[in-house]
Amino acid sequence: MPAIDIQGLKKAFNERPVLQGVSLTVNQGDIYGFLGPNGSGKTTTLRLLLGILSPDEGRIAVLGMNPSVSGAQLHRRVNALPESHGLYGWMPALAYLNFFGRLYGMEFSGGDYRARLRRVGLDPDDSRPVRTFSQGMKQRLGIARAMINDPEILFLDEPTNGLDPRGRREIHDLLLQLNREKGLTIIISTHILDDVERLCNRIGILEGGLVRYEGPLTDESQSAISYRFHLENGAAVQSPWNFPGIALLERQDSWITCLIKEGSPAAAIKTLVLGGLPIIEAVAVSGGVEDLYLYYTQGGKL
């Protein structure tokens, strides 16, 4: 059973459509990057997954449950860390975590709270108020709070926003550790594409209220990379373009730029040549999640 399964999700506000048929799947144990420009519907989708909103149409299953129907039961098994998570600045970290443990009705010993702080790299004997913490320490405490109920799915909104490179790396390492050791499924909504490339094994790109791309990042054969191909002068590019897994981005004089979405560059070149394109030179432009993001959020243009 997938951790999350969404089919045909629609949502409108004041008759303005925000989601227009979103479908996506998150497998158990995924670190899933949820990407898209502002206004694409990411926050609305997350609120629907958490049962904060109800859909107009479509089906949502989170751990096999409908969030609109089984919200209380679901919230015992998932948790979330919003971008602005409102730490109580006057509290020491241990008191803060203890407070949220009581809110969740968790019966932990003091030693357990201390162990949870150590797990995220914080000193339980640090009695300073949280407001004096660095941004990275605050994020660690926020993650400890979000893990207070030992969730099966953790939703994170911009988890490294505002952190310096060292702080970002520390949060990366922590999330990878939680995923590896606990099998934790993590959903990350972010604009920081470097975070996605380092952390995520699968991504979904949302634009205009629809999922424009969903696929893996760890399988090299699925990684996208853009290439410029030099064709013999006067060579015609077939219309319509009919090379699955290879998107035509641009044609300039005797050069074409393609996004190789599936397979290796060598395999793509062979496919193009066998398909009748006389390639005499190939130049790698760039690759990775950035090209995918730009391609699917700018109408097929880099």
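Placed above this text is the structure.
Conventions used here
Residues numbered from 1 in each chain as written. Predicted model: local features only at pLDDT ≥ 70, side-chain atom pairs only at ≥ 80, totals over all residues. Heavy atoms only, no water. Salt bridge = Lys/Arg side-chain N within 4 Å of Asp/Glu carboxyl O. Helix = DSSP H or I, 4+ residues; strand = E, 2+ residues; numbered from the N terminus. Buried < 20%, exposed > 50% of the residue type's maximum accessible area, 1.4 Å probe, protein only. Pairing = 2+ DSSP bridges. Axes fitted to C-alpha atoms, helices over the stretch in contact; angles between N-to-C directions. Contact = heavy atoms within 4.5 Å.

Asks: Looking at this model, I keep getting lost on the pattern of salt bridges. Mind explaining?
Replies: Under the counting rule described, the total for this entry stands at 14 salt bridges. In this structure, K11 engages D56 in a salt bridge whose closest nitrogen and oxygen atoms are separated by 3.7 Å. Note that K11 is positioned in strand 1 (residues 4-13) and D56 in the loop between helix 1 (42-49) and strand 4 (57-62), a separation of 45 residues in sequence. The class of D56 is partly exposed, set by a relative accessible area of 47%. One salt bridge connects E214 with R202, and the closest N-O pair in it is separated by 3.7 Å. With E214 in strand 9 (residues 210-216) and R202 in strand 8 (residues 202-207), this residue pair connects regions lying 12 residues apart in the sequence.

Asks: Quick question: what am I supposed to make of the sheet that holds strand 7 (residues 185-189) here?
Replies: Sheet strands line up and pair through hydrogen bonds in the backbone, either parallel or antiparallel. Spatially, 5-6-7-3-8-9 is the arrangement adopted by the 6 strands of the open sheet, whose pairing is mixed. For this open sheet the edge positions go to strand 5 (78-81) and strand 9, each flanked by a neighbour on one side alone. Between one strand axis and the next, the sheet turns through 15° on average, direction left out of account. Note that strand 6 (residues 153-157) and strand 7 share 5 bridges and pair parallel. In the sheet register, F155 faces strand 7, and the bridge partner there is I187.

Asks: Explanation requested: the sheet that holds strand 4 in the structure shown.
Replies: Spatial ordering of the open sheet is given by 2-1-4, a layout of 3 strands whose pairing is antiparallel. Looking at the sheet topology across the chains shown, the edges are occupied by strand 2 (16-26) and strand 4. When the angles between neighbouring strand axes are averaged without regard to direction, this sheet yields 25°. Both strand 1 and strand 4 contribute to a ladder of 5 bridges, which runs antiparallel. The partner of D5 across the bridge, within strand 4, is A61. Sheet strands in contact with helix 1 are strand 1, strand 2 and strand 4, and its direction is about 120° off that of strand 1.

Asks: Teacher, can you tell me more about unusual backbone geometry here?
Replies: Trans peptide bonds make up the majority, and among non-glycine residues the majority have a negative phi. Positive phi is not limited to glycine here, since N14 has a value of about 50°. Looking at the secondary structure, you find N14 in the loop between strand 1 and strand 2. A positive phi angle is found at D150, which is not glycine, with a value near 50°. Secondary-structure assignment places D150 in the loop between helix 5 (135-146) and strand 6.

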